[in-house]
Amino acid sequence: MLYDNHVHTEFSADSEMKAQEALEAAARGGMGLVFTEHLDIDYPGDMEFTFDPKAYWETYAPLRSANLRLGIEIGMQEGAEEANRQFSLSVPFDMVIGSIHLLEGKDIYYRVFYKERSQQEVYSKYLLTMADMLRTHSFVDVLGHIDYISRYAPYDMPGISYVDFHDEIDQVLHMALETDTVLELNTRRLSNRAVLDELYPIYKRYYELGGRYVSIGSDAHKPEAVGSAFLVALDFADCCGFTPVTFVERKMVRAVADSSI
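Residues numbered from 1 in each chain as written. Predicted model: local features only at pLDDT ≥ 70, side-chain atom pairs only at ≥ 80, totals over all residues. Heavy atoms only, no water.

**Describing the overall build of the chain**
Put simply, the rule is: For helices the rule is a DSSP run of H or I covering at least 4 residues; for strands it is a run of E covering at least 2, with both sets numbered from the N terminus onward. In this setup the radius of gyration rests on C-alpha atoms only. A globule is expected at 2.2 Å times the number of residues raised to 0.38. Burial status follows relative accessibility: with a 1.4 Å probe on protein chains alone, a residue under 20% of its type maximum counts as buried, one over 50% as exposed, and anything between as partly exposed. Here a residue-residue contact requires only that any non-hydrogen atoms of the pair lie within 4.5 Å. For every accessible area listed, the method is Shrake-Rupley and the probe measures 1.4 Å; residues are considered covered only by the protein chains on display. The sign given to each residue is positive for Lys and Arg and negative for Asp and Glu; His and the chain ends receive no count. To locate a charge, the coordinates of NZ of Lys, CZ of Arg, CG of Asp or CD of Glu are taken.
Each helix and strand in the chain was counted, giving 8 helices and 11 strands. A compact globule built from 261 residues should have a C-alpha radius of gyration of about 18 Å, and the chain, at 17 Å, falls within 12% of that. Dimensions of the chain, computed from the C-alpha atoms along their principal axes, are close to 50 × 40 × 35 Å. Counting the 261 residues in the chain, one finds 55% classified as buried. Across the chain, the fraction of contacts at a sequence separation of at least 24, relative to all contacts at a separation of at least 6, is 76%. With an accessible surface of roughly 11400 Å², the chain has 49% of that area assigned to carbon and sulfur atoms. Here the chain contributes 23 positively and 42 negatively charged side chains, and the mean placements of these two sets differ by 2 Å.

**Comments concerning the nonpolar core**
Using the following cut-off: Side-chain atoms within 4.5 Å are what join buried Ala, Val, Leu, Ile, Met, Phe, Trp, Tyr and Cys residues into a set we call a nonpolar core.
If you look at the biggest cluster of nonpolar residues, it comprises 75 residues, and the most contacted ones within it are L33, F35, Y126, I149 and Y203. The greatest single-element share of this core, amounting to 8 residues, is contributed by helix α4 (residues 119-136). Setting aside its immediate chain neighbours within four residues, Y203 contacts I146, L183, E184, L185, V214, F236, C240 and F242. In this structure, Y3, I97, V182 and F247 belong to the second largest nonpolar core, which totals 8 residues.

**Topic: the sheet that holds strand β10 (residues 243-248)**
Heads up, the rule is: In short, DSSP must find at least two bridges between two strands for them to pair.
Ordered in space as β1-β2-β3-β4-β7-β8-β9-β10-β11, the 9 strands form an open sheet in which the pairing is mixed. Looking along the sheet, the strands with just one partner apiece sit at the ends: β1 (3-7) and β11 (251-254). Of the pairings in the sheet, the one linking strand β4 (residues 95-99) to strand β7 (residues 142-143) comprises 2 bridges and is parallel in character. From the neighbouring strand, I97 faces β7, where its bridge partner is V142.

**Some details on the layout of surface pockets**
Filter applied, for reference: Throughout, the protein atoms alone are placed on a 1 Å grid, and a set of points is a cavity if a 1.4 Å probe fits but cannot get out or a pocket if it is open with protein on both sides within 12 Å along at least five of seven lines; lining residues have an atom within 4 Å of a point. Grid points are joined across faces, edges and corners, and a volume is the space filled by probe spheres set on the points. In this count, Pro and Cys sit with the nonpolar residues alongside Ala, Val, Leu, Ile, Met, Phe, Trp and Tyr, while Asp, Glu, Lys and Arg are called charged and the others, Gly among them, polar.
Quantified by volume, the largest pocket comes out at close to 350 Å³. Every residue lining the largest pocket is counted, 16 residues in all, and those nearest its centre are D14, F49, Y109, Y148 and Y152. Per-element tally for the lining of the largest pocket: the top contributor is helix α5 (residues 148-152), with 3 residues. Per-class residue counts for the lining of the largest pocket are 7 nonpolar, 3 polar and 6 charged. Quantified by volume, the second largest pocket comes out at close to 270 Å³. Residue lining of the second largest pocket: 14 residues in total, with M157, P158, G159, I160 and E198 positioned closest to the centre. Across the lining of the second largest pocket, the residue classes tally to 6 nonpolar, 4 polar and 4 charged.

**Thoughts on the packing of helix α6 (residues 166-178) against helix α7 (residues 193-208)**
In a packed pair of helices, the relevant descriptors are the angle between the two axes and the axis-to-axis distance. Rules: The axes are straight lines fitted to the C-alpha atoms, using for helices just the contacting stretch, and the angles between their N-to-C directions are given from 0 to 180°. Oblique is the label for any angle not covered by the other classes, which are roughly parallel (under 35 degrees), roughly antiparallel (over 145) and roughly perpendicular (65 to 115). Left-handed describes a crossing in which the near helix is turned anticlockwise from the far one by less than a right angle; the clockwise case is right-handed.
Interaxial distance between α6 and α7 falls to 10 Å at its minimum, and their mutual angle equals 40°. Here α6 lies oblique to α7, going by the angle between them. Judged by the twist between their axes, the crossing of α6 over α7 is right-handed. Side by side, α6 and α7 meet where I169, D170, L173 and L177 of the first sit next to I202, R205 and Y206 of the second. Of the residues contributing to the contact of α6 with α7, the split by class is 5 nonpolar, no polar and 2 charged.

**Comments concerning helix α2 (residues 53-60)**
Let me state the cut-off plainly: What the arc measures is the spread of directions leading from the helix axis to the C-beta atoms. By the criterion applied in these results, polar contacts are pairs of N or O atoms within 3.5 Å in which, for protein atoms, one can donate a hydrogen and the other can accept it, and in which residues neighboring in sequence qualify only through two side-chain atoms.
Among all positions of α2, only P53, Y56, W57 and Y60 are buried. For α2, the angular spread of the buried residues around the axis is 95°, confining them to a single face. Those residues of α2 that are buried lie in contact with α1 (19-28), β2 (32-39), β3 (68-75) and α3 (81-88). The opening residue of α2, the one whose side-chain oxygen lies 3.0 Å from the backbone nitrogen of K54, is D52.

**Some remarks on the pairing of β3**
For clarity, the cut-off: A crossover counts as right-handed when, viewed with the strands pointing away from the observer, the path leading from the first strand over the helix to the second turns clockwise.
Extensive coverage of β3 is indicated by the burial of 8 of its 8 residues. The two faces of β3 match: L68, L70, I72 and I74 on one face and R69, G71, E73 and G75 on the other face are all buried. The pairing of β2 with β3 spans 7 bridges and is classified as parallel. Across the sheet, residue V34 finds its bridge partner in β3, namely R69. Tracing the backbone out of β2, into α2 and back to the parallel element β3 gives a crossover that is right-handed. As paired elements, β3 and β4 share 5 bridges and run parallel to each other. The partner of G71 across the bridge, within β4, is M95. Remark: the β3/α3/β4 crossover connection has right-handed handedness.

Shown next as structure tokens:
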């Protein structure tokens, strides 16, 4: 079974999606799900990007099956490494995604972060922070959306160019491989052909360095986004030579055949 490995329900501060809504959407697409609720410790805003892991587990464990795994998306940031690690151990999560949502203690979702800062400066900082946080968060299973910043950065050409940032991207990819962290192929931006052209050199480089697996996830916060652009993602992964995977009890398995690797 193919899995959407990155889905947020009402346990995430920025999602109101019910578990049943997500499961019904996945069933229509013939796929399984991994719920990956947000944890960003000391988030610098009005929302609290955290949740009670025991309440999460008690609520969703009865639904856990071959069609549903239970995970978490951890916001990797300096100073939160041990707290993040302990949270990841608080219940038996199936999968742990590590992502960069904050830089210098600020949310890169908001345009104010980029004010009077060049794309070169911001993207270099973003990628080097990602590489460093992978080193200190070596317990995560998946590196979430390497291109996350491209969704929100207000530059004329917000994509991450491998030509312009090859040294920084290589550091991220080397660290992912060194820590046995699988690269995510996030489908949020894949409906745009230009995005495929942007990401192809990054993922081909990952393959050249020894990467063989990808985790495919929609980052859905609404039912209609579950499984979005998955056919595009599967074609992209196949073109690059990757095997799609998911995780069960923190063990990597093939996402399609659901067999151990």
